[in-house]
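Coordinate analysis (summary)
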Amino acid sequence: MNGPATDTPASAPADVSPEALLAGIRAARDQGLAAVAVAATGDELAQVESTLFGRKAALGQIKQGLGSLPPEQRAAVGRALNEAQQDLRAAHAEAADELAASARREQLQREWLDLTETPPGPERGHLHLVTQTTERLEDVFVGMGFTVSEGPQAETDWYNFEALNLPAAHPARSMWDTLYLDLGERTELGDGEGGEASNVVLRTHTSPVQIRVMEVQPPPIYTICPGRVFRRDTADASHMPVFHQIEGLVVDRGISFADLAGTLEEFTSAYFGKAISSRLRPSYFPFTEPSAEFDITCVICEGSGCQTCQRTGWIELGGCGMVHPNVLANCGIDFEEWTGFAFGFGIDRLALMRHGIDDLRDMYTNDIRFLSQF
Ligand code: FA5
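This write-up is about the structure you can find in this document. Just so it is clear, the structure is predicted and the values come from calculations on it, not from any experiment.

Calculation notes
Residues numbered from 1 in each chain as written. Predicted model: local features only at pLDDT ≥ 70, side-chain atom pairs only at ≥ 80, totals over all residues. Heavy atoms only, no water. Core = buried A, V, L, I, M, F, W, Y, C linked by side-chain atoms within 4.5 Å. Buried < 20%, exposed > 50% of the residue type's maximum accessible area, 1.4 Å probe, protein only. Contact = heavy atoms within 4.5 Å. Near = heavy atom within 4 Å. Polar contact = N/O pair within 3.5 Å; in protein donor to acceptor, adjacent residues only side chain to side chain. Areas by Shrake-Rupley, 256 points an atom, 1.4 Å probe, with all protein chains shown as cover. 1 Å grid on protein atoms, 1.4 Å probe; cavity = no way out; pocket = protein on both sides within 12 Å on 5 of 7 lines; lining within 4 Å. Sits in = over half its atoms within 2 Å of the grid points. Salt bridge = Lys/Arg side-chain N within 4 Å of Asp/Glu carboxyl O. Helix = DSSP H or I, 4+ residues; strand = E, 2+ residues; numbered from the N terminus. Pairing = 2+ DSSP bridges.

1. Focus: the nonpolar core
Formed by 45 residues in total, the largest nonpolar core has its most connected members in Leu137, Phe141, Phe267, Phe294, Phe343, Phe345 and Met363. Discounting residues that sit within four places of it in the chain, Phe345 has contacts with Leu137, Phe141, His244, Gln245, Ile246, Phe267, Phe294, Leu317, Gly318 and Leu350. In this structure, Phe161, Ala163, Val323 and Ile333 belong to the second largest nonpolar core, which totals 24 residues.

2. Observations concerning the site of the ligand
Taken together, 26 residues form the shell around the ligand, and within it His205, Ser207, Arg231, Asp233 and Met240 come nearest. Between an oxygen atom of the ligand and a main-chain N or O atom of Leu317, the distance comes to 3.3 Å. Contact between the ligand and Gly346: an oxygen atom at 3.3 Å from a main-chain N or O atom of the residue. When the ligand sits alone it has 690 Å² of accessible area, and the protein chains cover 94% of it. Comparing atom positions with the cavity grids shows the ligand to sit within the largest pocket.

3. Thoughts on the pattern of salt bridges
If you walk through the whole model with that rule in mind, you get nine salt bridges. Two residues, Arg281 and Glu316, come together in a salt bridge whose shortest N-O distance is 3.7 Å. Of the two residues, Arg281 sits in strand β7 (residues 278-285) while Glu316 sits in strand β9 (residues 314-323), which places them 35 residues apart along the sequence. Judged by its relative accessible area of 30%, Arg281 falls in the partly exposed class. In this structure Glu316 comes out as partly exposed when scored by relative accessible area, which is 43%. Note that Arg369 is salt-bridged to Asp367, the shortest N-O span being 2.6 Å.

4. Some points on the sheet that holds strand β4 (residues 200-202)
Read from one edge to the other, the open sheet built from three strands follows the order β2-β4-β3, with strand pairing classed as antiparallel. Each end of this open sheet is capped by a strand with a single partner; those strands are β2 (154-156) and β3 (179-180). Of the strand pairs in this sheet, β2 and β4 are connected by three bridges, and their pairing is antiparallel. Bridging from a neighbouring strand, Ala154 pairs with Leu202 of β4.

5. What about unusual backbone geometry?
Where the residue is not glycine, phi is negative for most of them; where a peptide bond is considered, it is trans in most cases. In the segment running from Pro219 into Pro220, the intervening peptide bond is cis, with an omega of 5°. Tracing the sequence through the fold places Pro220 in the loop between α7 (207-216) and β5 (221-230). The backbone phi angle of Gln310 is positive, close to 50°, even though this residue is not glycine. Here Gln310 shows up in the loop between β8 (288-297) and β9. Residue classification places Gln310 among the exposed residues on the basis of a relative accessible area of 65%. At Arg311, a residue that is not glycine, the phi angle is positive and equals roughly 60°. With respect to the element layout, Arg311 can be found in the loop between β8 and β9. According to the relative accessible area criterion, Arg311 is exposed, its value standing at 62%.

Here it is as structure tokens:
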């Protein structure tokens, strides 16, 4: 493409008669318009601009010669000079607009994306590993006769702690570093038995759903409560501040610790296969008595001992125990007639173990290369 026609700018005429100056102005204007017309890029136009309006511009030099004209001739030449300059400025501005618009059109063409395009077969999206795990757990428990219950993620102090036999001064509250919500003027969550609005927390476990179920459903109760929970934990390989738990609750006549152990064993082999079994270790939870930790055979080494299970052959999955009589009483259930058990474990850690994932955080960085493996 030809470069801009500015290589030989019109120069100021040596003759400074009005006629000569007017002729010089016309020549400079025509040459300038031609240069603007052939500038094909923003850079070329910028070059033309400095030639037309810079210090050495032809019209500028002619202007300097105006002073030597007699005053009565100066006005006409000056007017012609201004008009020529205005013509050049207008042509330059129009060319600049056109070049910018065409650069934008080219950029859009280059960067055009078809957002309706779907990637071919195997790259299609699928459920997140944690959702898949939750759905599988639900299937296993529903197959064992459990229903599925849900509760709110923002809970009052009553549901998250007090009804679960954790009164305000109970030292066990320190087991869950809690995130409290500032609701300002809103009080609807804090009304009634649920406590004050300022005592609304992001639930620290799924156990409050037990209370909500027992409040409205008379026994017998066989239910599981999966859901998202929140703690003031710093993210590391085995902790997240937002994670998922699944709670199990059974309340019926004559329920014993043996039923709890049998249910957890049944679940373990249904979910992990026959090679994996469960065991209970004495522990403490304020809402169950007696309480236990629920371990399963290490899924990595199948019990022979490895780094993941710290050579014990077992991995801790969650907590469990017989529902404390105070908890049954808080929900209006006669603990002389009914007994029950409850358990709760972390879904994210369960998925981690089942798939031999090293670091819990990998599940939440949303790297498609990681997620597409599951
Ligand atoms: C509880 O939350 C009890 N509500 C469980 C329970 C229910 C006991 C019913 C008795 C009866 P714990 O704080 O241990 O217990 O948490 C249970 C499980 O949640 C842990 O075993 C672990 O698998 C998981 N978990 C706890 N903190 C985190 C975290 N920060 N990130 C991921 N998983 C976690």
